[in-house]
Amino acid sequence: MLIRRKKGWEIPEREATPESVFLNRRDLLAAGGFGLAGFALPRGALAAEDADPSAGLYPAKRNDRYTVDRPITPEEINAHYNNFYEYSTDKELADAAQALKTRPWTIAFGGMVEAPRTVGIDDLLKAMKLEERVYRHRCVEAWSMTVPWTGFPLADLVAYAKPLSGAKYIRMETFMNPEMAPGQNQPFYPWPYVEGLTMAEATNELAFMVTGVYGKPLLKQMGAPIRLHTPWKYGFKSVKSIVKIDFVEEQPLNFWQQLQSSEYGFWANVNPEVPHPRWSQASETVLGSNERVPTQLFNGYAPFVADLYKGLQDQPLYM
Ligand SMILES: Nc1nc2c(c(=O)[nH]1)N[C@H]1C(S)=C(S)[C@@H](COP(=O)(O)O)O[C@H]1N2
Ligand SMILES: [Mo]
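Since the model is a prediction, treat every value here as computed from it, not as a measurement.

Draft legend 1. Molecular detail of the overall build of the protein chain. Secondary structure assignment for the protein chain yields ten helices and twelve strands. In the protein chain, which comprises 319 residues, the proportion classed as buried is 55%. With the model as given, the accessible surface of the protein chain reaches about 14,000 Å², and the carbon-plus-sulfur share is 54%.

Here it is in structure tokens:
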């Protein structure tokens, strides 16, 4: 997302669309209708250590309240166009991300809570009610996709964690393990990846904890086993592979802010009228098509979230 070399948004749209490349390379899998994680093997044929113990929870029932008017981005495209700097600064990082070990996996709740606790991902999944939501995702790099996530409202996780009333922000952290994630050996970046939301944002009905996608457990390259998705904000807010959740009084400084605060802020709400310092945010490339469509305020989710920002107009809400 930063300087130094040619990134997705700098190359012509036609080249930035990985569809043709992908379909040639993976046509066998794609033709069979199998996703990368689903593979052509029956589930029982997988080695025990590779089997995802949560596979039986998917697919979950879709919540139609959040259905959007765009076609869902094909899995084979989404699965090969990712931002996950722990694995690569290139979009094609699916193979590298298979090094991510998602079991055992725990999430530690701390900071301003009634009592700190640590929960295993499978126990957490048992405690939460899963549903599918089709959400638009708009990256700050001006590309977008439409994704059938499965998960549960972040509000439910907040209730589960029991924060104290003085907590003002939620802070979420990705794992830190340079042996498992070679990108974390790059000292230029402020690892681990951190993101934050106000408590009002975190308990807004749209804020979603994602544990599955395309009707099965979340793919590793998309931030398995648990990541955030806040569809009205630029994609960098949607932190992946979370291991730590703290409730705090001070506004967390996120990963991209730490790196380049002149370009990336805390709020990061989508707004076509506020350009990034180096490019316009007025339109976006829809992954999987050659279409460039106008970007919408709050990525089209204004009816759900605009009220959150009343009285905050003096803040850098859109970067
Ligand atoms: N830990 C971590 N989380 C991350 C990122 C990252 O590099 N590391 N990239 C962010 C950005 S910029 C985007 S656009 C989305 C991409 O999610 P996707 O790969 O599932 O499309 O993840 C976000 N979460
Ligand atoms: Mo992004």
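Here the narrative resumes, following the displayed structure.
Draft legend 2. Structural context of the sheet that holds strand β6 (residues 194–198). Pairing is mixed in the open sheet, where five strands are placed in the order β2-β1-β10-β5-β6. The open sheet has two edge strands with one neighbour each: β2 (117–120) and β6. Between one strand and the next, the sheet's axes are offset by a mean angle of 20°, whatever the strand orientation. Bridge count for strand β5 (residues 169–174) against strand β10 (residues 242–248) is six bridges, and the pairing is antiparallel. Bridge pairing in β10 links M172 to I245.

Draft legend 3. Structural detail: the site of ligand 1. Neighbouring ligand 1 are 19 residues, the closest being Y85, E86, M145, S238 and K240. Between Y85 and ligand 1, the recorded distance is 2.8 Å, taken from a backbone N or O atom to an oxygen atom. A distance of 2.8 Å is found between a nitrogen atom of ligand 1 and a side-chain nitrogen or oxygen belonging to E86. Considering ligand 1 on its own, with 530 Å² of exposed area, one finds that the protein chains cover 100% of that surface. Considering only residue class, the shell around ligand 1 consists of ten nonpolar, six polar and three charged.

Draft legend 4. Representation of the nonpolar core. By size, the foremost hydrophobic cluster in this structure holds 86 residues, and its most contacted members are L154, L157 and I170. With residues near it in sequence (within four places) discarded, I170 still touches L154, V158, E195, G196, L197, M199, A202, I245, D246, F247 and P252.

Draft legend 5. Examining unusual backbone geometry more closely. Cis rather than trans, the peptide bond between R103 and P104 has omega equal to -10°. Here the bond from A224 into P225 is cis, since omega is -5°, no more than 30 degrees from zero. Non-glycine residue K162 carries a positive phi angle of around 55°. Here K162 is to be found in the loop between α7 (154–161) and β5. Take K162: its relative accessible area is 42%, and that puts it in the partly exposed class.

Draft legend 6. Quick look at the pattern of salt bridges. Counted under the stated rule, the structure contains 18 salt bridges. Here D52 and R103 are joined by a salt bridge, their closest N and O atoms 3.3 Å apart. Linking D52 in the loop between α3 (27–31) and α4 (75–78) with R103 in the loop between α5 (94–97) and β1 (106–111), this pair joins segments that are 51 residues apart in sequence. Notably, a salt bridge pairs E201 with K233, separated by 2.7 Å at the nearest N-O pair. In this pair, E201 sits in helix α8 (residues 199–202) while K233 sits in the loop between β9 (227–229) and β10, placing the two residues 32 residues apart along the sequence.

Draft legend 7. Up close: the pairing of β6. Of all five residues in β6, five are buried, a share of seventy percent or more. Of the two faces of β6, both are covered, the one formed by V194, G196 and T198 as well as the one formed by E195 and L197. Sheet topology note: the β5/β6 ladder contains five bridges and is antiparallel. In the sheet register, M172 faces β6, and the bridge partner there is E195.

Draft legend 8. Focus on the packing of aromatic side chains. Counted under the stated rule, the structure contains 24 aromatic pairs. Seen in terms of ring centroids, Y81 and W143 are 5.0 Å apart; in terms of plane orientation they differ by 90°. Their pairing is edge-to-face. Taken as a pair, Y81 in the loop between α4 and α5 and W143 in strand β4 (residues 143–153) lie far apart in primary sequence, 62 residues in all. The exposure classification of Y81 matches that of W143, with both residues buried. Judged by centre distance (6.0 Å) and plane angle (15°), the rings of Y189 and F255 are stacked. Taken together, the residues Y189 in the loop between β5 and β6 and F255 in helix α9 (residues 255–259) connect sequence positions 66 residues apart. Residue class for Y189 comes out buried when judged on its relative accessible area of 8%. Exposure remark for F255: the relative accessible area of 0% places this residue in the buried category. Put simply, the rings of Y85, F188, Y189, W191, Y193, F236, F255, W256 and Y264 touch in pairs and so form one group of aromatic residues. Directly above the aromatic system of F266 lies the positively charged group of K237, at a separation of 4.3 Å from the ring centroid.

Conventions we followed
Residues numbered from 1 in each chain as written. Chains lettered and ligands numbered in written order. Predicted model: local features only at pLDDT ≥ 70, side-chain atom pairs only at ≥ 80, totals over all residues. Heavy atoms only, no water. Helix = DSSP H or I, 4+ residues; strand = E, 2+ residues; numbered from the N terminus. Buried < 20%, exposed > 50% of the residue type's maximum accessible area, 1.4 Å probe, protein only. Areas by Shrake-Rupley, 256 points an atom, 1.4 Å probe, with all protein chains shown as cover. Pairing = 2+ DSSP bridges. Axes fitted to C-alpha atoms, helices over the stretch in contact; angles between N-to-C directions. Near = heavy atom within 4 Å. Polar contact = N/O pair within 3.5 Å; in protein donor to acceptor, adjacent residues only side chain to side chain. Nonpolar A, V, L, I, M, F, W, Y, C, P; charged D, E, K, R; others polar. Core = buried A, V, L, I, M, F, W, Y, C linked by side-chain atoms within 4.5 Å. Contact = heavy atoms within 4.5 Å. Salt bridge = Lys/Arg side-chain N within 4 Å of Asp/Glu carboxyl O. Phe/Tyr/Trp six-rings, centres within 6.5 Å; stacked < 30°, edge-to-face > 60°. Lys NZ or Arg CZ within 6 Å of the ring centre and 35° of its normal.

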